[in-house]
Number of protein chains: 2
Amino acid sequence: MVRLFISGFGTVGQGLVEVLKRRHDFFENRFGAQPVVVGVIDSKTVAIDQNGLDMDAVVARKTEKRTVSDQTYSDSVKALDMVDYDILVEVSPTNIKDGGTGLRNITHALECGKDVITVNKGPLALKFQELTDLAKRNGCKFRYEGSVGGAMPIINLCHENLVGENIRSIRGIFNGTCNFILSKMDNGQPFEQALKEAQQLGYAETDPTNDVEGYDAATKVVILANAVFHRNVTFSDVKITGITGITPDAIAQAAAHNMVIRLIGEISETRLEVAPRLIPIGHPLSIAGTLNIAQIDADLAGPITINGRGAGKIETASAILSDLIAIMDVRE
Amino acid sequence: MVRLFISGFGTVGQGLVEVLKRRHDFFENRFGAQPVVVGVIDSKTVAIDQNGLDMDAVVARKTEKRTVSDQTYSDSVKALDMVDYDILVEVSPTNIKDGGTGLRNITHALECGKDVITVNKGPLALKFQELTDLAKRNGCKFRYEGSVGGAMPIINLCHENLVGENIRSIRGIFNGTCNFILSKMDNGQPFEQALKEAQQLGYAETDPTNDVEGYDAATKVVILANAVFHRNVTFSDVKITGITGITPDAIAQAAAHNMVIRLIGEISETRLEVAPRLIPIGHPLSIAGTLNIAQIDADLAGPITINGRGAGKIETASAILSDLIAIMDVRE
């Protein structure tokens, strides 16, 4: 029996619970048992049951009272220690300043010899090397497919399917919000109006800085640089230009040359950048809408391009599911 | 030490030898040893050395005299038995009528308990169920990533990265030759002229029937139906329409509606078809040129689209490499 502790119980954490339910038969057939959730924390409270929590009840409680139980905690890592688990699923909110609670939770779990799955970009963008070293030292699996591109397979694609390739570069669109805004601007909308529509549709937050200034895309660029190119870089190493300076005039000029402007993240041995780029219409990276896309330049296979949904409750949880299955396959 | 027998020594077989050389350091670092080739057959002759063949010499000999040795054989499966090996790499020419030598070689190797890697579409399109059952019964690994889409990861992507998904459908372009011809027709060339150009560039064979009638795409559709949808179908179950009937007028009419015509393979629980389809310009499946592409509709992840080079000496060998590494990882 595999026991999960879920730290962070917002959209993605609850999405994972739904995904586990929907894959009941799959787990039964493949492993003869369900993974059980023995612990959940949100920002304030903790729910534990060494025999497995009733997750329907936890979700209902969270929906109703915005907490997972009446039991508050003072320190999240002490909350993790309240129950015995095998895998920490760290899905608390991203903190790109210092890694925040997510970084402390992941570090603690790895120090305790637990496997970790995360989609939390903060710890990965700030302390990738330290965390992967720690995991290796303690013999822990450490997987983070959903941290880049949501449901789009990219990390495991490079680590597993393309493991024999020398990957020379990755160029991609790693922020669906910016791509949505730029696609709207292609159709003549000015930036402010496109942003407003993105906010109304729930694609952009009230404070859109993290997306439109390119910071979110930069966290993905850092993660790919470390994970795929084995570099040892952090968020502050990325050269970042956002999309706030793009004018309708620039869009029109691009269109006159049969081009669109897209916010492209670029990673190679020597390059680490997020910036608006001119992309020819018809080029894979010219896609419109909220999709994420990555073009991988592999020395034997040649160019491989993959796209998928970069965000979403079930979509992001599906990436966690793929990491979970990979870990369970090895534990069997 | 992993010992390979390569059956078929044309472009792909020789490409594999080159790829193994180029990944010398990779194998050293990951496995502490190189895979060695202990046997090679082409259509007439066999070269063996239980301690590992000098493959530079075999390639040079093949280039010079068009055979791999002076030693002819009467029956390929007897040639396979002349040496002890771990993995058969079956890359002899595709025979879609009865599977030919490739089918006999794969069957024999699996019966002998050997692992098999193939890109040979004939055996897979005709006897998928029998071969996978035989492999399972004998505890053999049986992998065939390169049989669909060349360097584009699709089989292992579905089997591994997306193993927790219910895949509802796959739609894709599985024949680069047809896509090249249709892309040229987009620009106003009639079919015959586009075909001629494809032949001059080496994309199409002198007898182009297999490509332009949709037969090649249909073999890939069958393989995906069996491998991903766990159906038990064969080549004759596919409804096939090729591209020979597509007129410049049809292309022009499509263009007037902002569409292009593409030869699309479609696979689902109930569908098994290759036919020209109208695709909106800008849709991922509207790509031009010789690329292969597949759009996977997964129930949790949503739509995932991948593209890559569908053919080529090194590109196809790169797919074999990924299967080889996966098998060696498990053998370790």
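Residues numbered from 1 in each chain as written. Chains lettered and ligands numbered in written order. Predicted model: local features only at pLDDT ≥ 70, side-chain atom pairs only at ≥ 80, totals over all residues. Heavy atoms only, no water.

**Remarks on the overall build of chain A**
Okay, so step 1: The secondary structure content of chain A amounts to 13 helices and 12 strands.
Okay, so step 2: In summary, chain A has a C-alpha radius of gyration of 20 Å against a globular reference of 20 Å for 332 residues, a match within 12%.
Okay, so step 3: Residues classed as buried in chain A amount to 61% of the 332 residues present.
Okay, so step 4: For chain A, the computed accessible surface area is about 13,400 Å², with 47% contributed by carbon and sulfur atoms.
Okay, so step 5: Computing the positive centroid from 33 side-chain charges and the negative centroid from 41, chain A places the two 1 Å apart. (Helix = DSSP H or I, 4+ residues; strand = E, 2+ residues; numbered from the N terminus. Rg over C-alpha atoms; globule rule 2.2 N^0.38 Å. Buried < 20%, exposed > 50% of the residue type's maximum accessible area, 1.4 Å probe, protein only. Areas by Shrake-Rupley, 256 points an atom, 1.4 Å probe, with all protein chains shown as cover. Lys, Arg positive; Asp, Glu negative; His and termini not counted. Charge placed at Lys NZ, Arg CZ, Asp CG, Glu CD.)

**Quick notes on the pairing of strand β5 (residues 115-118) of chain B**
Residues and elements named next belong to chain B.
Okay, so step 1: Where burial is concerned, the two faces of β5 agree: the one with D115 and I117 and the one with V116 and T118 are both buried.
Okay, so step 2: With 4 bridges connecting them, strand β4 (residues 87-90) and β5 associate as parallel partners. Bridge assignment links E90 to a residue of β5, and that residue is T118.
Okay, so step 3: Each parallel crossover has a hand, and the one from β4 via helix α5 (residues 100-111) to β5 is right-handed.
Okay, so step 4: Where β5 lies against strand β6 (residues 142-143), 2 bridges are found, and the strand directions are parallel. (Pairing = 2+ DSSP bridges. Right-handed = clockwise from strand over helix to strand, strands pointing away.)

**A closer look at the environment of T94 of chain A**
Residue and element names in this part refer to chain A.
Okay, so step 1: Residue placement: T94 occurs in the loop between β4 (87-90) and α5 (100-111).
Okay, so step 2: Owing to a relative accessible area of 37%, T94 belongs among the partly exposed residues under this scheme.
Okay, so step 3: For the pair T94 and N210, spaced 116 residues apart in the sequence, the C-alpha separation amounts to 11 Å.
Okay, so step 4: The residues touching T94, leaving out its near neighbours within four places in the chain, are N120, K121 and G122.
Okay, so step 5: A distance of 3.4 Å separates the side chain of T94 from the backbone nitrogen of K121, its partner in a polar contact. (Contact = heavy atoms within 4.5 Å. Polar contact = N/O pair within 3.5 Å; in protein donor to acceptor, adjacent residues only side chain to side chain.)

**Some words on the sheet that holds strand β6 (residues 142-143) of chain A**
Residues and elements named next belong to chain A.
Okay, so step 1: What the 6 strands build is an open sheet, ordered β3-β2-β1-β4-β5-β6; its pairing is mixed. Only two strands of the sheet have a single neighbouring strand rather than two, namely β3 (46-48) and β6.
Okay, so step 2: Pairing geometry for strand β1 (residues 3-7) and strand β2 (residues 36-41), over 5 bridges, is parallel. Residue pairing in the sheet places F5 in a bridge with G39 of β2.
Okay, so step 3: Along the sheet, α5 contacts β1, β2, β4, β5 (115-118) and β6; its crossing angle with β4, the most-contacted strand, is approximately 170 degrees. (Axes fitted to C-alpha atoms, helices over the stretch in contact; angles between N-to-C directions.)

**Let's talk about the interface of chain A and chain B**
Okay, so step 1: Chain A puts 32 residues into the contact, and the matching count from chain B is 32 residues.
Okay, so step 2: The junction of chain A with chain B conceals about 2,700 Å² of combined surface from both sides, 57% of it contributed by carbon and sulfur atoms.
Okay, so step 3: Among the residues of chain A in contact with chain B, R23, N161 and L300 of chain A are the three that bury the most area, contributing 23% of the side total.
Okay, so step 4: The interface formed by chain A and chain B holds 4 salt bridges in total.
Okay, so step 5: Where chain A packs against chain B, one counts 7 residue pairs in polar contact (both at pLDDT 80 or more).
Okay, so step 6: Broken down by secondary-structure element, the contributors of at least two residues to the side of chain A that touches chain B are α1 (11-22), α2 (24-31), α7 (155-161), β12 (302-309) and α13 (313-331) of chain A.
Okay, so step 7: It is β12 of chain A that provides the largest number of residues to the side of chain A that touches chain B, a total of 8 residues.
Okay, so step 8: Of the residues in the side of chain A that touches chain B, the class split is 15 nonpolar, 10 polar and 7 charged.
Okay, so step 9: In this sheet, strand β12 (residues 302-309) of chain B lies alongside β12 of chain A in antiparallel orientation, the contact comprising 3 bridges. Each residue of the ladder has a partner; that of T305 of chain A, found in β12 of chain B, is N307 of chain B. (Buried area = accessible area lost by both parts, 1.4 Å probe. Salt bridge = Lys/Arg side-chain N within 4 Å of Asp/Glu carboxyl O. Nonpolar A, V, L, I, M, F, W, Y, C, P; charged D, E, K, R; others polar.)

**Regarding the pattern of salt bridges**
Residues and elements named next belong to chain A.
Okay, so step 1: This model, assessed by the stated rule, comprises 56 salt bridges over all chains.
Okay, so step 2: Linking D75 and R104 is a salt bridge whose minimum nitrogen-to-oxygen distance equals 3.0 Å. Residue D75 is found in the loop between α3 (55-65) and α4 (76-80), and its partner R104 is found in helix α5; the two are separated by 29 residues along the sequence.
Okay, so step 3: Across the salt bridge formed by E266 and R171, the nearest N and O atoms sit 3.8 Å from each other. Pair noted here: E266 is in strand β9 (residues 259-268) and R171 is in strand β7 (residues 167-173), with a separation of 95 residues, a long-range link.

**A short note on the side chain of S318 of chain B**
Okay, so step 1: With respect to the helices and strands, S318 of chain B occurs in helix α13 (residues 313-331).
Okay, so step 2: A relative accessible area of 5% places S318 of chain B in the buried class.
Okay, so step 3: The residues contacting S318 of chain B, other than those within four sequence positions of it, are E165, L300 and A301 of chain A together with A151 of chain B.

**As for the sheet that holds β5 of chain B**
Residues and elements named next belong to chain B.
Okay, so step 1: Ordered by their spatial adjacency, 6 strands build an open sheet running β3-β2-β1-β4-β5-β6, and the pairing between neighbours is mixed. Every interior strand has two partners, whereas the edge strands, β3 (46-48) and β6, have only one.
Okay, so step 2: The strands touched by helix α1 (residues 11-22) are β1 (3-7), β2 (36-41) and β4; relative to β1, the strand with the most contacts, the crossing angle is about 150 degrees.
Okay, so step 3: Across the sheet, α13 lies against β1, β4, β5 and β6, angled at about 165 degrees from β5, the strand it touches most.

**As for α13 of chain A**
Okay, so step 1: Counted at 1.5 Å a residue, the expected span for α13 of chain A with its 19 residues is 27 Å, and the 27 Å between its end C-alpha atoms agrees.
Okay, so step 2: For α13 of chain A, the buried fraction is high: 14 of the 19 residues fall into the buried class. (Expected span 1.5 Å × (residues − 1).)

**Describing unusual backbone geometry**
Okay, so step 1: One non-glycine residue, H230 of chain A, lies in the positive phi region at around 50 degrees.
Okay, so step 2: Its place among the elements puts H230 of chain A in the loop between α11 (215-229) and β8 (239-240).
Okay, so step 3: The exposure class assigned to H230 of chain A is exposed, which follows from its relative accessible area of 66%.
Okay, so step 4: The phi dihedral of N258 of chain B falls on the positive side, at around 60 degrees, and the residue is not glycine.
Okay, so step 5: Take N258 of chain B: it is sitting in the loop between α12 (248-256) and β9 (259-268).

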